[in-house]
Every structure is written in C-alpha cells, then in structure tokens.
Amino acid sequence: MTAILSQMDDQHYSHYIETFAGTSDLVDFLMETFLLFKDLIGKHVYNSDWVAMIMVQNRVFLRAINTFADTMNRKFLDNNNFEVQLWNNYFHLAVAFITQESLQLQHFSPTKRNKILAKYGDMRRLIGFAIRDMWYKLEQNKIRFIPGMVGPILEMTLIPEEELRRATIPIFFDMMQCEYSHSKNFKKFENEIILKLDHEVEGGGGDERYMDLLQAILMDLGERNPHLLSEMKHFVSLVTGLLERLLDYRAVRSDDSRNNKMSCTVNLLNFYKDINREAMYIRYLYKLRDLHVDIENYTEAAYTLLLHSKLLKWSDDQLPPQLESQSVSFCTSQRHLKEKLYNTIIGYFDKGKMWEEAIMLSKELAEQFEMEVFDYELLSQTLKQQAGFYENIMKILRPKPDYFAVGYYGCGYPLFLRNKVFIHRGKEYERREDFQNQLLSQFPSAIRLNTTQMPDDTIKSSPNQYIQCFTVQPVLEIPPRLKNKPVPDQIINFYKSNYVQRFHYSRPVMKGTVDPSNEFASMWIERTTFCTAYKLPGILRWFEVTQLTHATISPLENAIETMGNTNEKILTMINQYQGDDSLPINPLSMLLNGIVDPAVMGGFAKYEKAFFTEEYMQSHPQDKEHLARLKDLIAWQVPLLGRGIMLHGKRVTDDLRPFHDRMEECFKQLRKKVEMEYGVRELPEMDERKSTRPRSALRSYRQSIISISSLAGSDCGTPTKVQPESSLSVDLGLPSTPTLPRSSGSISVIDEGGHEVEVRLRKSKKKKKRSSMIFISEEKEKAISIDSKRLSKKQEFRSDTNLSEPNEGVRLTSANSRSLPTITGLSLSVATGGEDIDCARSKRDGKSMSVCLSERGTLPSDRTTDRRSKGVINLLFKSKSSKSDEGKSSGDLTSEKGSNHF
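Bear in mind that the values here come from a model prediction, so they are computed numbers and not experimental data.

Across its full length, the protein carries 33 helices and 12 strands. Each of the 902 residues in the protein was classed as buried or not, and the buried ones make up 51%. Long-range contacts, defined here as pairs at least 24 residues apart, represent 72% of the contacts in the protein between residues at least 6 apart. Surface summary for the protein: the accessible area is close to 43700 Å², and the carbon and sulfur share equals 50%.

Inspection of the entire model under this criterion finds 35 salt bridges. Linking Lys196 and Glu192 is a salt bridge whose minimum nitrogen-to-oxygen distance equals 3.9 Å. Taken as a pair, Lys196 and Glu192 lie in helix α11 (residues 187-202) at a separation of 4 residues, close to a single helical turn. Residue Lys196 is classed as partly exposed on the basis of its relative accessible area of 30%. Given the relative accessible area of 19%, Glu192 is considered buried. One salt bridge in this structure joins Glu526 and Arg507, with 2.5 Å as the shortest N-O distance. Of this pair, Glu526 sits in strand β6 (residues 523-536) while Arg507 is found in strand β5 (residues 500-510), placing the two residues 19 residues apart along the sequence. The partly exposed category is assigned to Glu526, whose relative accessible area is 29%. Taking the relative accessible area as the measure of exposure, Arg507 reaches 24% and is therefore partly exposed.

For the rest of this paragraph, the subject is the confidence of the model for the protein. Averaged over all residues, the pLDDT of the protein equals 79, while 75% of them reach at least 70. Here residues 687-902 is modelled with pLDDT under 50, and outside its nearest four sequence neighbours on either side it reaches 476 contacts, counting other chains as well.

When we look at a pair of aromatic rings, we describe it by the centre distance and by the angle of the planes. Overall, the coordinates contain 39 aromatic pairs when judged by the stated rule. Taking 5.8 Å as the distance between ring centres and 90° as the angle between the ring planes, the aromatic pair formed by Phe29 and Phe68 counts as edge-to-face. Of this pair, Phe29 sits in helix α3 (residues 23-42) while Phe68 is found in helix α4 (residues 51-75), placing the two residues 39 residues apart along the sequence. The ring of Phe108 has Lys112 sitting right over it, with the charged end atom 4.5 Å from the ring centre. Here the basic side chain of Lys631 rests over the ring of Phe612, its NZ or CZ set 5.4 Å away from the ring centre.

Quick look at helix α28 (residues 657-678) now. An ideal rise of 1.5 Å per residue puts 32 Å on 22 residues; α28 measures up with 30 Å between its terminal C-alpha atoms. Every buried residue of α28 is listed here: His660, Met663, Cys666, Phe667, Leu670, Val674 and Tyr678. Taken end-on, α28 shows its buried residues confined to a sector of 125°, consistent with a single buried face. Residues of α28 that are exposed and point over 90 degrees away from its buried face: Pro658, Gln669, Lys672 and Met676.

Note that the residue after Ile146, namely Pro147, is joined by a cis bond; omega there is 10°. In this fold, Pro147 is placed in the loop between α7 (123-136) and α8 (150-157). For the bond from Leu536 to Pro537, the omega torsion is 0°, close enough to zero to count as cis. In this structure, Pro537 sits in the loop between β6 and β7 (542-553). In this model, Glu139 sits at a positive phi of 55°, which is unusual for a non-glycine residue. Assignment of secondary structure puts Glu139 in the loop between α7 and α8.

Moving on: the nonpolar core. Judged by nonpolar contacts, the single largest core of 175 residues is most densely connected at Phe172, Phe235 and Tyr272. Counting residues per element, this core draws most heavily on helix α13 (residues 229-253), at 11 residues. With residues near it in sequence (within four places) discarded, Tyr272 still touches Ile194, Asp198, Leu242, Leu246, Arg277, Met280, Tyr281 and Tyr284.

Within the fold, Thr157 resides in helix α8. Thr157 sits in the buried class, given a relative accessible area of 0%. Within the structure, the side chain of Thr157 is placed 3.0 Å from the side chain of Tyr210, a separation counted as a polar contact. Those residues in contact with Thr157 that sit more than four places away from it in its chain are Arg165, Thr168, Ile169, Phe172 and Tyr210.

Now for the packing of α4 against helix α5 (residues 84-98). For the pair α4 and α5, interaxial distance at closest approach is 12 Å and the crossing angle is 155°. Judged by the angle between their axes, α4 and α5 are roughly antiparallel. For α4 against α5, the interelement crossing comes out left-handed. Contacts between α4 and α5 involve Asn58, Phe61, Leu62, Ile65, Ala69, Met72 and Asn73 from the first element and Leu86, Trp87, Tyr90, Leu93 and Phe97 from the second.

Think of an α-helix as turning once every 3.6 residues; residues three or four places apart then point the same way. The buried count for helix α22 (residues 489-497) comes to 7 of 9 residues, which makes it a mostly enclosed element. Taken together, the buried positions of α22 are occupied by Asp489, Ile492, Asn493, Phe494, Tyr495, Lys496 and Ser497. Residues of α22 that are buried make contact with α18 (355-371), β1 (403-409), β2 (420-425), β4 (466-474), β5 and α23 (555-579). Remark: Tyr499 follows α22 within two positions and exhibits a positive phi of approximately 55°.

A few words on the pairing of β4. Both β1 and β4 contribute to a ladder of 7 bridges, which runs antiparallel. Following the sheet pairing, Tyr409 is matched in β4 by Tyr466. Of the pairings in the sheet, the one linking strand β3 (residues 447-449) to β4 comprises 3 bridges and is parallel in character. The residue of β4 that forms the bridge with Arg448 is Ile467. In this structure, β4 lies alongside β5, joined through 2 bridges in antiparallel fashion.

What counts as what
Residues numbered from 1 in each chain as written. Predicted model: local features only at pLDDT ≥ 70, side-chain atom pairs only at ≥ 80, totals over all residues. Heavy atoms only, no water. Helix = DSSP H or I, 4+ residues; strand = E, 2+ residues; numbered from the N terminus. Buried < 20%, exposed > 50% of the residue type's maximum accessible area, 1.4 Å probe, protein only. Contact = heavy atoms within 4.5 Å. Areas by Shrake-Rupley, 256 points an atom, 1.4 Å probe, with all protein chains shown as cover. Salt bridge = Lys/Arg side-chain N within 4 Å of Asp/Glu carboxyl O. pLDDT = per-residue confidence, 0-100. Phe/Tyr/Trp six-rings, centres within 6.5 Å; stacked < 30°, edge-to-face > 60°. Lys NZ or Arg CZ within 6 Å of the ring centre and 35° of its normal. Expected span 1.5 Å × (residues − 1). Arc of directions from axis to C-beta. Core = buried A, V, L, I, M, F, W, Y, C linked by side-chain atoms within 4.5 Å. Polar contact = N/O pair within 3.5 Å; in protein donor to acceptor, adjacent residues only side chain to side chain. Axes fitted to C-alpha atoms, helices over the stretch in contact; angles between N-to-C directions. Parallel < 35°, antiparallel > 145°, perpendicular 65-115°, else oblique. Left-handed = near helix turned anticlockwise from the far one by under 90°. Pairing = 2+ DSSP bridges.

See below:
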C-alpha cells in the first residue's frame, strides 16, 4: 500500500475521489482510511532501527493526509454536509502522526537528527500547522469538539518544538473563547485540561519552557480581549501552579529520595483539594499511602487514608464516582466504603502504636453498629478490639521519637525545598547523627552547616546546597479533657511527643561579667520557637515551619525552668519504679545521686550562690516573685527526693548498699538545710499494698502531669509546713492571693470568682504521725446512723469512675505553694459567707477516699469496710492550725454545702 500511494500524484488522488458516486461512500472511505493510517502508525509495522523505511512511510502518509484534508474542506465543511465523526477521526489521526516516537527528533543523536532533517524535514511542524489551519476553518462547529479535542491538542503542544508550540498554543484560547460565547464560562475546557495535564506531564511531556510560553501567550491574548481578562488570569494562575507541582513530582520520581517523592505528592494532593478536584485528590492520596506502607510508616499511612474517609458520610447513598478508589473495590454505598476504610486505618494505627487514634475511630464504628445498623456481632468485635487498645496504652512501652529541625539553603535545591525549614519526626531510637547522615546521602553535594543560627542572605542566594540539622524539643499541648485531672504517666507521656505543632530550641549565651566558678548568674538562654503548618504526626513525617519566634530567657527564669524539669523527672521516675518492679535500679541511682551528692556538683547549690544573695536581690528587685518561685521549687524537691530514696532503699542490692547509705546520709544533710531555709513540704503517705486497679504510684496527688515548671500559674493550693512551728503563716515569698485576718485557725483567700472564702486549717500533731490509711472499727461503725453509712448509687458511680459532682465547691488560688500539682485527695474546711463549715470529699480516684475528721475522733464514712480494704488512700496534708479549731463539732465538718473539692 505504501508503494502504491508513493506512486500517486495529485491528479491520481483527485481522479480516485471523483469515482465515488455518493457522499456517504466517500465519507466511509475517508474514515476507514484514517483509521487504517492510525493503526499502522501506532502498531510499528517496522522495527525501530529501520529508520529509512519508517520515514518513507511517514512521508507517504503525510501527503495522503493533507490531500484528504483538502477534500474535507471542499465537501464536508459547510453546515449541510458537516460530518463530526469524520473531522474527529482526522484530528486524532493527525495528532497520532505528530506524536509518534519515530518523529521525536530530540531523542536522536545530533548526527542522526541532522540527516533526517536534511532528507525529510521536520514533518511534525508540517502536520502541526495543518492541524491549526483545519481547526480555525471549523468556525461555528468548534463547540462540537470541546472538550473532546482538548487532550489531543494539549498532547501536540507539549512537543518540545518552539515554533510548533507557538503555532498551536493559541488554539487553547480559541477553545476558551468559543465555550465562553456559548455558556459564559469555560469550565469544561478547564476541567479537561487539568485532567489531561496531570496524565501528560507524568508521562514525560512538558517542561519549564512550555510553562513560561503557555503563560505568556495566553496572557497576551487575554489582554487583547478585556472581557476575558479576569477569567484568563485565574486560569493561567491555576495551570502554571499545577505545572510547577507536576514538574517537581516528575523530577523526583526517578530519585532515590522517598522524602522528596512524598513532599511532591503532598503538594499535588493539596493543590487538587484546594481546587475541589476530588478524583485527582483521592488518586494522589493512595499514591502517598503506598509510599508510606513501603517503608512501614503506618501512622502516616493511616492519617493519609483518613483524609479519604472524611469525604464520605455515614449514609446508604450511592457512592459518587469521584469518591471511588481502585484500591478499595466492591463498595456500593458511602457507608460501606467508609467502614472498610476505618478498619484499614485502625489496623495501620495499631501497627504504628497510635492507639489513641484507633480508639477514636473504634468508638465511631461502635456507635454506627449499635445505633444505625444494629449489627451487635460487629459491635462486640469492635469493643473487644477497643479494649485491647486501652490495655496496650497502659502496658506497652512506646519510645518517644526525637524531632529535628532541617534547613535547606541555597538555590541548588528544588523550589519546594529551597531556603525552607522543616521539622522532621524521627523514628524510634533514631539518633541525630544517623538522621543527618541519611539526609546527606540524599544530597551528596550539600555542605553541612555546623551552626544552629539562621544563615545570612549570602548562603541563601548561593548556587550551592547547604543543609542544617539540629534537635528541637516538642512543646506539650495538654488536651482540655485531661487538664486538672489525675492522669497516669502512660497517658500523658503520649502527648509529650504527639499532637505537637510548636518546638523549642534553646541556646545558652553568656552576658555580662562571667564568674568562672559559677556561670549560672550569667547564662542567658536564646530560645527559638518553631511552629509547623500542621501537627505531627500527620500525613508526612515532616512539615514546613510557617512561623519563627525568638525569645530571651534570663538566668533566673532558666534556673526556675531547670528546677521544675528536674522535679518533674523525679516524679515521673518514682511513678515508673513504683508501678514496675522489673525496672533496673541504675537510672534511679544516677538521678538521685546526681542531685543529693555535693561531689557530683548536682542539685541547686549553684543557684543559691548565684541568686540568693543580698547583692543580687538589691540589684534585681523586680525578680522577687521569681526568687520566691525558685525557693518553692527547691523546697518541693526534698520530699520528692525522699520518696525516691525510699524506693531506692527497697530495691537496692547488697553490692550497692554502701552507695545507698552514703546517698541517704547526703540527703539527710540536704533536707535539714532546705527545711530550715525554705520551709517543709510533705507528700501524702502512700499505701503500698497491691490494688486491683493499676495506677501510677503518685497519681493520687498528681492532679495534672504538666511539667512542674509550667505550673507557675496553676490554681493549686497545697498546704505546707514551715519553721518555726509556732507560726501559722506560710512564708514562701510567693505572690499569693491576698489573705485577710480571721479567727484563730483560719485564713481568708479569694477564689476564682472574686469571692472571699475562709479556709480553716487543721491542727497537726507534732510527734504522733497520722496514718494515711484510716480504718473504722466495727464498734464505731455501728454507732453511725444508717443514712451516713449508705452510699447512693449516683455517688458510688461517680466515685468508681473518677467523676466528681458538677459545680461542687470552690477553688482556692495559691493560698500557699503553687509548685506541686493539685492534691487529689486534699481535704480542707472552707466556709463561705453565712454557710456552715463543710468537709471536701475527693472522688477523683476510685481507690482514693477522703474522710473528714474532727478533733474528737468521730469518723463519718460513706464507704464500706470492703472498699477501704482495696487500698484506698486518705491524702491529708499536715498543716498548722490554731487551737480554736478543736471546738468545732464533727457534725459541722461532715456537711457538704460549699466544700472545697479538688
């Protein structure tokens, strides 16, 4: 056939076409010929290295196509004889011809390319110009090919031939103008070109030059047509933004860096989300999911699929096509697909040890099974799975990941990294050195910056690549539902490294005169706070920093923060060792000895030398409150150390007994000194008997596990005992709530609502130590009335579920110390206005109970002896009170109107 066509001239073609008797026969011939040519071009009749034969065939086909195009113009262009399918076949044949692999000269060597151009010319340019001319001849029939011809024309314009691009890109504007004249917008064209751009660029078409040329030509044509200018600006901005992301995505596909692939994928899916293209958005969500699963980033994979599930409703409505996914098939309704996604997501969260998130989704599933579909079998399975997640939270160790700030500086990086800072979430037990080496392997030519300061503009504008990496500390954001509640360490520790969006980096700086023997007085802290675009963890293991703030911490404020963190560390370790007998003793030994042994230079001796001097106080009168705060933290460290040393003494081996004895001796001297200078603080006595309900050892007085250094403004009133004993006032030097003189044995404070309340202090016995466990004998129990013994169902439920009565009591605001979290079982007698004095009862813990005691020994109880035998603890702090308290009757103390409940 090729040989026959090559022998035909224009006269032969004309004579052959005239032999067709009717129009329909000619149309059938032309359509069949176009389909045959397209089939021969696409199936590669000759081997790819038979260049001469392929070029001869293309030259013959090109002449035939152009001849048949002239016939179409003469016979099938007017409205009466216009054949849509014939013209459609022509355009598709022409585009297939121009885009065939054998004509893409840019892939050939220069020598081969020059020979082809010299003998055959660039046939792409010839057929491209013909397509352009045929399009403009359609006139009012153009609308019939929109949006069907958008994809083929786009494919043609992406060919890297400058003149061809300049000739064919204006076809896009003509299409937009045509659709706008019919429907006052060009949404069909816009949707189609976005869809086809994604496919074509991912397949290798397009480059930055094409993006610039497209923007310049369309904007120039838009300015010539003012009625389309605003719409044109929006369209050009949309297409160029998409092209930038698609080109970045294509550039990293062959890259070994999965991080770059993920970043570009997220950039694309966010773009499609912003322009409301749900099908494309979901497509890239699953690409990102696959990247995460391949490297076992199960938490991030779960968050990625969660974005798809949020587009679905709990309804039996038919699933829209744009919300479907090839990865999750055979789903007919939105409910069905959402349920499948939830089960997959829960499995990913389980593998990633994010059981808190898995529980939330399990609860949502359980609600649907119970209240909507009434599938109790699935409900029971979901609840069993949910129970396992709760158990995992309390029993399985979850190492805290480190977070790293990474800066990419210099023009050598791609746009999505250039001169930007990201916070990366490390893997379990991943060190900074290992993480940094992995980064450098992705950018072997990058120069490492060994400073943590932001680089100057010289480095940012340099053509080289610079990389900066250092560790940052996440800032705990305690959930509102956990505030001011007794929360175990296993729960609160999760939030110290998850759901975080702010990160700190602190750098010590020496200012003023530096004392070589004590640098604390001159050590300032320059703190940089990084705020990321989203919370971590998320759909990526890193997010870009969107806000940077800088602050300077004074030496005294730094000392307060350090002391608070140390106390918090002691408290956490006590909880760990109290609840787990299998933990090695070494970490506890090192922590305690580093504080109490002066030879280790630990503790707070340097702070005393730096800040508790007359010279410092006179030169810094504005630091009076901070000094009092530091003294209070020092005072509270002593009872924490005492509790830790007591645990250490029970667990220490015979080999380490001399070490423990020395540490105990050092602690005695330390305690004597601190209690004499800063007052006495006492922790509640703890019952060490095994309980049927596992909990933190110090949970009953640890109302909130927020870092102690952050409790400067907390509303906890913790009674203390100070020396000398004859005084009732607590001299902590803190900015406490103003107190008013009252009758002997009480003080007046202002509550949160601004009302004055009277706090009656109990008188403690100096020599006889009151037991923290209170047992009521059977004789006394019989003497109590039936009403006082019986506990209502509501009260019993609230007691066993850590719930308290709503709006119960008033809250004290730092009447004494503000350095230790609120004591759960604390009982104080509070009188408000003309109401009777009441007894505060703690119901926060199912194993703790506060029993109000009168000085006469009457023991009113709302618990049975069986409940008290389970290890309940009465947490009463020893406080000094006047002898006038002894006259109060036990009946007044057991009233519950206006009691202060903590």
